[in-house]
Amino acid sequence: MVQKVRELSAEEFGAFEEKCPYGSFYQSVEQGNLMLKEGHKATYMGLVDGDKIIVAGLLVGMKIHFGYRFDIYGGPLFMPGSETKANLSAFVEAVEEYVRNQNGMFLRLIPNLPVKTYNDAGELTASHFETLPALFKELGYDYQDYHAAGYDEATHVTHYEYKKDVRDMTEQTLEKSFDKKTRYNIKKAKEFGVKLRDISFDELPEFKKDTAMTAERLHFPDKSLDYYQNVYREFGDKIRFVVAEIDSNEYIDSYQQKIKSTDDKIAALKAKNKGYEQNKIDDLERQKANHQKKIDVAKDLQKRYPAKFNVAGAMFVIQPQEIDYVFSYTNEEFKTFKGPFMLQDAMMKAAVDQKIPTYNFLGVAGLFDGSDGVFEFKQGFNGYTDEMIGEFSKVLIPWRYKLLNAIKTVLGRSKRF
């Protein structure tokens with residue numbers, strides 16, 4: 001049959017994306033609807049062989065001066081084995097023609113593909129898609145891996161992503177796969193009484209306040225409340241906003257019960273009136289003192305916060321290929337309660353239960369020398385790091401693009417599109 005590139009319906013593209021191993025929420029129908037709601041252009045394009053789609057992408061047009069910039073963000077998507085020069089050439093040539101007809105000056109492709117995989121010691125364990133950059137270059141595209149582009153020029157796609165393969169795992173083998181410290185922190189969170197719940201749409205403003213505080217503390221950009229609200233509406237059951245909480249009254253009561261139990265043990269030992277029991281008594285007294293310290297801390301927090309402490313929270317996107325840990329926060333005053341560990345444990349178990357093969361923690365710095373605290377946290381779950389391929393770009397209306405950048409230079413703005 002003759003291959004051709006054509007616009008796809010949302011239903012056609014959605015069915016393809018969900019079956020494609022390289023699919024992601026960035027290349028989903030829900031993301032396309034979100035882009036339209038935010039005022040951008042959104043079109044689904046596909047290389048079709050008969051009734052079979054082999055390459056496709058969600059094409060998003062964003063307004064700039066004198067035209068549009070178009071991105072296939074997280075794509076194009078290839079069915080395994082279809083990453084050939086002929087297929088790529090047919091697809092991008094048709095996309096370029098469409099973009100020009102839409103007054104698009106610039107096209108950028110950012111595939112959701114890894115080029116290298118590293119273990120937690122930073123050792124290279126695998127290489128992938130090594131010929132793809134050369135294929136794009138033959139088609140006239142400028143290539144920047146993320147080392148060359150830098151974070152400011154690499155859009156929102158993360159340079160390095162930390163992932164865990166959870167296929168063929170059970171909940172029991174999953175938890176055993178975590179390192180000792182992580183298992184301990186999950187256990188402590190459960191002992192503290194940390195509970196998880198999905199929040200309602202009406203609670204998103206509070207979620208936004210918490211993410212904004214974390215973003216300010218860690219110096220990274222946060223999303224707007226409108227974004228969180230639009231995502232909540234568009235993604236439906238593919239999105240979860242989950243918070244970790246502690247009921248301070250229940251927490252205090254549990255430690256008061258522990259103190260009572262400890263007092264009973266001490267009284268029983270003293271009743272024996274044997275000197276060699278003193279070491280046991282001293283140890284129990286230390287336990288009792290630690291329980292009291294936890295009660296004192298909780299009572300102090302109660303003076304400043306509601307009865308339920310919001311320890312941590314996160315937004316997760318659920319795809320057939322993976323669950324993504326996207327935006328999150330941790331309340332610094334409550335970090336001792338280990339809420340983020342509970343969140344990760346629960347969502348990885350959700351991936352196992354739903355037979356989703358990969359849990360994606362998303363961004364890490366790609367530093368394996370102990371200087372990246374985010375990596376250290378994620379590393380405790382024993383996964384691997386993928387270095388993503390980077391971005392491919394092409395100017396489609398050169399004279400207008402040069403004019404625009406000349407104007408920007410005169411105005412003193414150095415950044416190019």
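Cut-offs applied
- Residues numbered from 1 in each chain as written.
- Predicted model: local features only at pLDDT ≥ 70, side-chain atom pairs only at ≥ 80, totals over all residues.
- Heavy atoms only, no water.
- Helix = DSSP H or I, 4+ residues; strand = E, 2+ residues; numbered from the N terminus.
- Expected span 1.5 Å × (residues − 1).
- Buried < 20%, exposed > 50% of the residue type's maximum accessible area, 1.4 Å probe, protein only.
- 1 Å grid on protein atoms, 1.4 Å probe; cavity = no way out; pocket = protein on both sides within 12 Å on 5 of 7 lines; lining within 4 Å.
- Points joined across faces, edges and corners; volume = space filled by probe spheres on them.
- Nonpolar A, V, L, I, M, F, W, Y, C, P; charged D, E, K, R; others polar.
- Core = buried A, V, L, I, M, F, W, Y, C linked by side-chain atoms within 4.5 Å.
- Pairing = 2+ DSSP bridges.
- Contact = heavy atoms within 4.5 Å.
- Lys, Arg positive; Asp, Glu negative; His and termini not counted.
- Salt bridge = Lys/Arg side-chain N within 4 Å of Asp/Glu carboxyl O.
- Polar contact = N/O pair within 3.5 Å; in protein donor to acceptor, adjacent residues only side chain to side chain.
- Axes fitted to C-alpha atoms, helices over the stretch in contact; angles between N-to-C directions.
- Phe/Tyr/Trp six-rings, centres within 6.5 Å; stacked < 30°, edge-to-face > 60°.
- Lys NZ or Arg CZ within 6 Å of the ring centre and 35° of its normal.
- Patch = residues over 30% accessible without salt bridge, like charges linked within 9 Å, V, L, I, M, F, W, Y side chains within 5 Å.
- Areas by Shrake-Rupley, 256 points an atom, 1.4 Å probe, with all protein chains shown as cover.
- Parallel < 35°, antiparallel > 145°, perpendicular 65-115°, else oblique.
- Left-handed = near helix turned anticlockwise from the far one by under 90°.

You'll find the protein entered in an unreviewed UniProt entry as Aminoacyltransferase, with Furfurilactobacillus milii given as the organism.

(A) Here's a closer look at helix 12 (residues 339-353). With 15 residues, helix 12 ought to run about 21 Å at 1.5 Å a step, and its terminal C-alpha atoms sit 21 Å apart, in line with that. Among the 15 residues in helix 12, 13 count as buried, and that is most of the element. Lys355 sits one or two positions beyond helix 12 and adopts a positive phi of about 60°.

(B) Representation of the layout of surface pockets within the structure. For the second largest pocket, the calculated volume is near 430 Å³. Along the wall of the second largest pocket there are 21 residues; nearest its centre are Pro21, Tyr22, Lys163, Arg167 and Thr358. Element by element, the count of residues in the lining of the second largest pocket is highest for strand 16 (residues 384-388), at three residues. Partitioned by chemical class, the residues of the lining of the second largest pocket number eight nonpolar, six polar and seven charged.

(C) Seen up close, the nonpolar core. Core analysis: the biggest nonpolar cluster contains 59 residues, and Leu59, Leu107 and Met315 have the highest contact counts within it. Take this core: its biggest share by element is seven residues, from strand 3 (residues 52-64). Core analysis: the next-biggest nonpolar cluster, separate from the first, contains 44 residues, Tyr160, Phe178, Ala189 and Ile318 among them.

(D) Just the pairing of strand 13 (residues 308-318), in detail. The element strand 13 is extensively covered by neighbouring structure, given that nine of its 11 residues are classed as buried. Connecting the antiparallel pair strand 13 and strand 14 (residues 322-330) is a turn made up of three residues.

(E) Quick look at helix 2 (residues 29-37). Here helix 2 has its buried residues at Val29, Glu30, Gln31, Gly32, Leu34 and Met35. Its buried side turned inward, helix 2 meets helix 1 (10-19), strand 2 (41-49), strand 3 and helix 9 (225-235).

(F) The arrangement of the side chain of Ser24 in detail. Assignment of secondary structure puts Ser24 in the loop between helix 1 and helix 2. With residues near it in sequence (within four places) discarded, Ser24 still touches Glu17, Asn112 and Gln319.

(G) Local environment of the side chain of Asp120. Among the structural elements, Asp120 can be located in the loop between strand 7 (114-118) and strand 8 (124-127). No salt bridge is formed by the buried Asp120. Its closest oppositely charged neighbour is Lys164, at 8.2 Å. Engagement of the side chain of Asp120 in a polar contact is seen with the side chain of Tyr162, the distance being 2.9 Å. What Asp120 contacts, discounting residues up to four positions off in sequence, is Tyr162, Phe368, Phe375, Gln379, Asn382 and Gly383.

(H) Structural context of the sheet that holds strand 7. Here nine strands make up an open sheet; going across it, the order is 8-7-16-10-15-14-13-12-11 and the pairing mixed. Both edges of this open sheet fall to strand 8 and strand 11 (195-198), since each of them pairs with a single strand only. Going across the sheet, the axis of each strand differs from the next one's by a mean of 30°, ignoring polarity. Here four bridges tie strand 10 (residues 160-165) to strand 16, and the two strands are oriented antiparallel to one another. Its bridge partner lying in strand 16, Tyr162 is registered against Thr385.

(I) Expanded view of the packing of aromatic side chains. Going through the model one piece at a time under the given rule, you end up with 39 aromatic pairs. Between Tyr227 and Phe327 the ring centres are 5.9 Å apart and the planes differ by 85°, which places this aromatic pair in the edge-to-face class. Of this pair, Tyr227 sits in helix 9 while Phe327 sits in strand 14, and the two are 100 residues apart along the sequence. The class of Phe327 is buried, set by a relative accessible area of 19%. The ring of Tyr68 carries Lys63 above its face, with NZ or CZ at 5.5 Å from the centroid.

(J) Structural detail: a nonpolar patch on the surface. Taken together, the side chains of Phe66, Leu403 and Ile407 make up a nonpolar region of the molecular surface, amounting to roughly 260 Å² of accessible area. By the element assignment, Leu403 lies in helix 14 (residues 398-410). By relative accessible area, which is 42% here, Leu403 ends up partly exposed.

(K) Expanded view of the packing of helix 7 (residues 180-192) against helix 12. Between helix 7 and helix 12, the least distance of the axes is 8 Å, while the angle of their chain directions is 100°. Comparing their axes, helix 12 and helix 7 come out roughly perpendicular. Contacts between helix 7 and helix 12 involve Thr182, Asn185, Ile186, Ala189 and Lys190 on the former and, on the latter, Phe341, Met342, Asp345 and Lys349. Residues that form the contact of helix 7 with helix 12 fall into these classes: four nonpolar, two polar and three charged.

(L) Representation of the packing of helix 8 (residues 204-218) against helix 9 in the model. Between helix 8 and helix 9, the shortest axis-to-axis distance is 9 Å and the interhelical angle comes to 130°. With respect to each other, helix 8 and helix 9 are oriented oblique. As for the relative orientation of helix 8 and helix 9, their crossing is right-handed in sense. Here helix 8 contributes Leu204, Pro205, Phe207, Lys208 and Thr211 to the contact with helix 9, which in turn contributes Leu225, Tyr228, Gln229 and Tyr232. Its residues assigned to classes, the contact of helix 8 with helix 9 comprises six nonpolar, two polar and one charged.

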